[in-house]
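# Coordinates in review
Chain by chain, the residues:
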Amino acid sequence: MQGLCWKKTMLDFIKKSQYVTPIFSTQSFGTFNKQVMRKSHSIISGKNAQEIGKVKKIRINSVFLGQSIQELEKIIDFCYENNVEKYSLAYKYDTNADWNTLLIFSATMEGI
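Let me begin by describing the structure that accompanies this report. (Residues numbered from 1 in each chain as written. Predicted model: local features only at pLDDT ≥ 70, side-chain atom pairs only at ≥ 80, totals over all residues. Heavy atoms only, no water.)

## Some remarks on the pairing of strand β2 (residues 58–64)
Under the convention used in this document: Exposed residues in this analysis have more than 50% of their type's maximum accessible area, buried residues have under 20%, and partly exposed residues fall in between, with area computed by a 1.4 Å probe over protein chains only. Helix numbers and strand numbers start at the N terminus; a helix is a DSSP run of H or I with at least 4 residues, a strand a run of E with at least 2. Strands qualify as paired when DSSP identifies two bridges or more between them.
The alternating pattern of β2 places Ile58, Ile60, Ser62 and Phe64 on a buried face, while none of Arg59, Asn61 and Val63, on the opposite face, is buried. Pairing geometry for strand β1 (residues 23–25) and β2, over three bridges, is parallel. In the sheet register, Ile23 faces β2, and the bridge partner there is Arg59. Here β2 runs beside strand β3 (residues 84–91); their pairing, made up of seven bridges, is parallel. Counted as the bridge partner of Ser62 is Leu89 from β3.

## Thoughts on the environment of Ile76
Positionally, Ile76 belongs in helix α4 (residues 69–81). You can call Ile76 partly exposed: its relative accessible area is 23%. Sequence separation between Ile76 and Tyr87 is eleven residues, and the spatial gap between their C-alpha atoms is 7.7 Å.

## Some points on unusual backbone geometry
Here the phi dihedral of Asn83 falls at roughly 60°; this positive angle occurs in a residue that is not glycine. Relative to the assigned elements, Asn83 resides in the loop between α4 and β3.

## Quick word on the sheet that holds β1
Each strand in a sheet pairs with its neighbour through backbone hydrogen bonds, running either in the same direction (parallel) or in the opposite one (antiparallel). Here is the rule: In this analysis, axes come from line fits to C-alpha atoms, helices being fitted only over the stretch in contact, and the angle between any two N-to-C directions falls in the range 0 to 180 degrees. Between two residues, a contact is recorded if the distance between any of their heavy atoms is within 4.5 Å.
Strand order in the open sheet formed by three strands is β1-β2-β3, with parallel pairing between adjacent strands. What marks the edges here is a single partner per strand, and that holds for β1 and β3. Taken pair by pair, the neighbouring strands of this sheet meet at an average axis angle of 20°, ignoring direction. Its contacts with the sheet put α4 on β2 and β3, and the angle it makes with β3 is roughly 160°.

## Looking at α4
Using the following cut-off: One fewer than the residue count of a helix, multiplied by 1.5 Å, yields its expected span. As used here, the arc belongs to the directions running from the helix axis to the C-beta atoms.
Taking 1.5 Å per residue, 13 residues should reach 18 Å; α4 reaches 18 Å between its end C-alpha atoms and fits that length. Inspection of α4 places Glu71, Leu72, Ile75, Phe78 and Cys79 among the buried residues, and these make up the whole buried set. Burial along α4 is one-sided: seen end-on, the buried residues are contained in an arc of 115°. For α4, exposure combined with an orientation more than 90 degrees from the buried face picks out Gln70, Lys74, Tyr80 and Glu81. Backbone geometry just downstream of α4 places Asn83 in the positive-phi region, at approximately 60°.

## Regarding the side chain of Ser62
Selection rule: Counting of polar contacts relies on pairs of N or O atoms within 3.5 Å, with two restrictions inside protein: one atom must be capable of donating a hydrogen and the other of accepting it, and residues adjacent in sequence are counted only when both atoms are side-chain atoms.
With respect to the helices and strands, the residue Ser62 is situated in strand β2. Owing to a relative accessible area of 2%, Ser62 belongs among the buried residues under this scheme. Polar contacts involving the side chain of Ser62 include one to the main-chain carbonyl oxygen of Thr26, which spans 2.5 Å. Non-local contacts of Ser62, meaning those with residues more than four positions away in its chain, are made with Thr26, Gln27, Ile75, Tyr87, Ser88, Leu89 and Ala90.

Printed below as a string of C-alpha cells:
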C-alpha cells in the first residue's frame, strides 16, 4: 500500500489490524518527489506514517533516482523518529547503461 491520500476509515482500520504492516513509498520529503513522481504526496504519506507509527510498526521504501544524500538522510532520520522497523532503498538500474553507473551508485551509498 502506498499510503497516499488514505481516508480516516482506512487509517483506523490499518492502525487496528494485527495482519497489516503498512509500507509507505517516498523518494524524498522535498520537491524531488514531485519532480520524479509527478505528484507531491510525500507530505501526506509522512503524516499518515507518523500517525500509524504511534501505534504500530511501519515500513518505508524508496527508489534511488538521483536524490541527494541529504534527501535520503531526511528519510532515514524520519525512520528513526517514527517507529519504522524496516527501510529499503532500491536502485532503478538501466540495463542498457554501462557498469560505471552502478559503481557510482555503490560509492554514493557508502557515504550515507
